[in-house]
Every structure is written in structure tokens, then in C-alpha cells.
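Analysis of the macromolecular model
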Amino acid sequence: MQNTAQPLNDMLISKSLSAADYVPTLDAMLSRTLARIALKKEQGLRTPDELWIVDHNDVYTLGQAGKEEHILQRTNTPIIKTDRGGQVTWHGHGQLVIYWLFDLESLGWSVRNMVSHAEQAIEDVVNDCLKSHASNSSLISAHARRDAPGVYLYSHLNTASNDKAQPVTELPADDAIMLGKIASLGFKIKHGFSYHGVAINLDCDLSAFNAINPCGYAGMQMLRLADFAAMDKQAQDKQLAAQAAEQSIPAMTNCLSYEQVTQKLIDNIAKRHAGHIQLRALAPK
């Protein structure tokens, strides 16, 4: 498991973990959070917040109040009970997981603020990717819902007769059709410190969700960005290999890579953490 760290600003750093097993990652995340709590309580020290960018090995995780009935089929993939909120979900390769180890009190954020920042950061990035890399960008948009945490894709086919793309900051039109869920959220708060976080389906194999009721919703259709915007990790890898070998092949500029989407999201979260992006109005309940 690779673990690299880099500063994003004075009070935020990111760490990258690849091919990470779930239990050791959870143990490390909890240990780090408890250490930060102790430093603040005992010495009054504010430590930098952390974003953990994780590529997990396949796993199903069941939240603190998770119900076994939402596991529809037992497979060879491990099922781990964990201490985050929410029901059952899947993590694995091709899915971007970002854990938010934040000191909410020092940020002046409520838990609702953090959840909204997480959802809106994902909205920003997914909509930007759809706008720049989807052939039907005016017909699909990403939005959060107050009644079901996460980010969902909506079709505006019925409202697109005016050929105008809906601004990202607007809520979906009343007759927009929800296609399914592209990102899930699940946090844990301990003494004002958050851990766990968000999972966004980029180019993962969605069949893993067939064995569960995702996040406890029977029949919830799970989506991935690669089915709506041009993503080609293999093409990106070939381009980098060719550059390393000093060979000349056409640049794959029309395809998003996993790494590009990851960096867009890290940048957006860092700006929110620094106070440079303010919360928009929340979706109605």
C-alpha cells in the first residue's frame, strides 16, 4: 500500500493510498483522528486537516446502523462492519474514495456544512466533466438531494427543447428524470473531528452493487462517470508511456483520466476548506 503526502495549504494535506485494504485503512484513520483530538484537548494544538485519497481493494462496508437485510447476495468480497453513518455500500478499483479528516470546530463548519460542501464539490466536478467531455452535456447534470444523501445524475431531455444547458448552480427542473446515483457519502464525527467521507464511481465495475441495496435503497441504480463522459484510463496510460519512451503518438486530450478527475476534486475541496468557495442554496427536502 503506497502512502504519499503533499500539502494543499497551510492547514490541509492530502495522502494517497493505493490498493488499500479496508480494515488497516480504517484503523489508521481512527488512530490519526484520536491523536489529533488528544493534541487539541491536552495541548490546545490545531493540527492540519487531511484528505485521504484511497484506491480500495474490493470490499462491502456496513455502516454503524446498517441492516444485514440490505446484503442480497454473499460473494467472495469481504463484508466489513464499520463505524460510519449509512447502510451498506461497495468500494473497489475504479471508484474514487476521499476521506475527510477535518477539525470542524476550527473550520467553523457544522456537520450539515461539511455534508453540503462534500456534495457540492462532487456536483461541481462531475458537472464540469460532463460539460467538457460529454456529447450530450446539456441533457445530463449532477445534483444532491436533501432526502437521500449523495449525488445523483438527472436527465433534462424533456426540458432541453430550448437548447440551453442548465447552469450547474441551479436545482434540477421539476420534470427532470433522476437516472441514478453516482456518489455516496458516509461520515463519522468524534469530538468535533470528522473521518470517513465520499465515494464517486468513475470507471469501476458497477456489477458489484447488484449484490446489495446500495445505501439501503432497494432498486437504486448506481451510475459511473465513464458512461456519461469520455474516460479512458488505458489511453491515458499509453500516452504517458509513449512520452516516457519519447515516442510520438496523438495526445488523448478528449478523454478524462481517473487522475484528472481526482485532482479536480482535490482542488475544489481545498478551495472550500480555505474559504474560497461558499455553499450554495441547498436542495429542497
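Report on the accompanying structure.

Basis of the calculations
Residues numbered from 1 in each chain as written. Predicted model: local features only at pLDDT ≥ 70, side-chain atom pairs only at ≥ 80, totals over all residues. Heavy atoms only, no water. Salt bridge = Lys/Arg side-chain N within 4 Å of Asp/Glu carboxyl O. Helix = DSSP H or I, 4+ residues; strand = E, 2+ residues; numbered from the N terminus. Buried < 20%, exposed > 50% of the residue type's maximum accessible area, 1.4 Å probe, protein only. Axes fitted to C-alpha atoms, helices over the stretch in contact; angles between N-to-C directions. Parallel < 35°, antiparallel > 145°, perpendicular 65-115°, else oblique. Left-handed = near helix turned anticlockwise from the far one by under 90°. Contact = heavy atoms within 4.5 Å. Core = buried A, V, L, I, M, F, W, Y, C linked by side-chain atoms within 4.5 Å. Phe/Tyr/Trp six-rings, centres within 6.5 Å; stacked < 30°, edge-to-face > 60°. Lys NZ or Arg CZ within 6 Å of the ring centre and 35° of its normal.

Observations concerning the pattern of salt bridges
By the definition in use, this model includes 14 salt bridges. A salt bridge links Glu50 to Arg32, with the shortest nitrogen-to-oxygen separation between them at 2.8 Å. Taken together, the residues Glu50 in strand β3 (residues 49–56) and Arg32 in helix α1 (residues 22–43) connect sequence positions 18 residues apart. A relative accessible area of 24% places Arg32 in the partly exposed class. Its salt-bridge partner being Arg112, residue Glu119 comes within 3.3 Å of it at the nearest N-O pair. Judged by relative accessible area, which is 5%, Glu119 ranks as buried. Classification of Arg112 as partly exposed rests on a relative accessible area of 32%. Several salt bridges share partner residues, and in doing so they unite Glu123, Asp124, Arg272 and Arg280 into one network.

Overview of the packing of helix α3 (residues 111–133) against helix α5 (residues 258–273)
In the contact formed by α3 and α5, the axes pass within 9 Å of each other and the chain directions differ by 140°. In terms of axis orientation, α3 runs oblique to α5. Considering the relative orientation of α3 and α5, their crossing is right-handed. Listed contacts from α5 to His117, Gln120, Ala121, Ile122, Asp124, Val125, Asp128 and Cys129 of α3 are Val261, Lys264, Leu265, Asn268, Ile269 and Arg272.

A word on the nonpolar core
Inside soluble globular proteins, nonpolar side chains tend to come together where they are buried. With 43 residues, the main nonpolar core has Trp100 and Leu225 as its most contacted residues. Here this core takes 9 residues from α3, the largest share from any one element.

Considering the packing of aromatic side chains
The full count for this structure, using the stated rule, is 4 aromatic pairs. Ring geometry for Trp90 against Phe209: centres 5.5 Å apart, planes inclined by 75°, an arrangement best described as edge-to-face. Of this pair, Trp90 sits in strand β6 (residues 88–91) while Phe209 is found in the loop between β11 (193–201) and α4 (233–244), placing the two residues 119 residues apart along the sequence. Taken individually, Trp90 and Phe209 each receive the classification buried, so the pair is uniform in this respect. By the ring-pair criterion, three or more aromatic residues cluster together here, those being Trp100, Phe102, Trp109 and Phe187. Lying across the ring of Tyr152, Arg145 places its NZ or CZ 4.9 Å from the centre.

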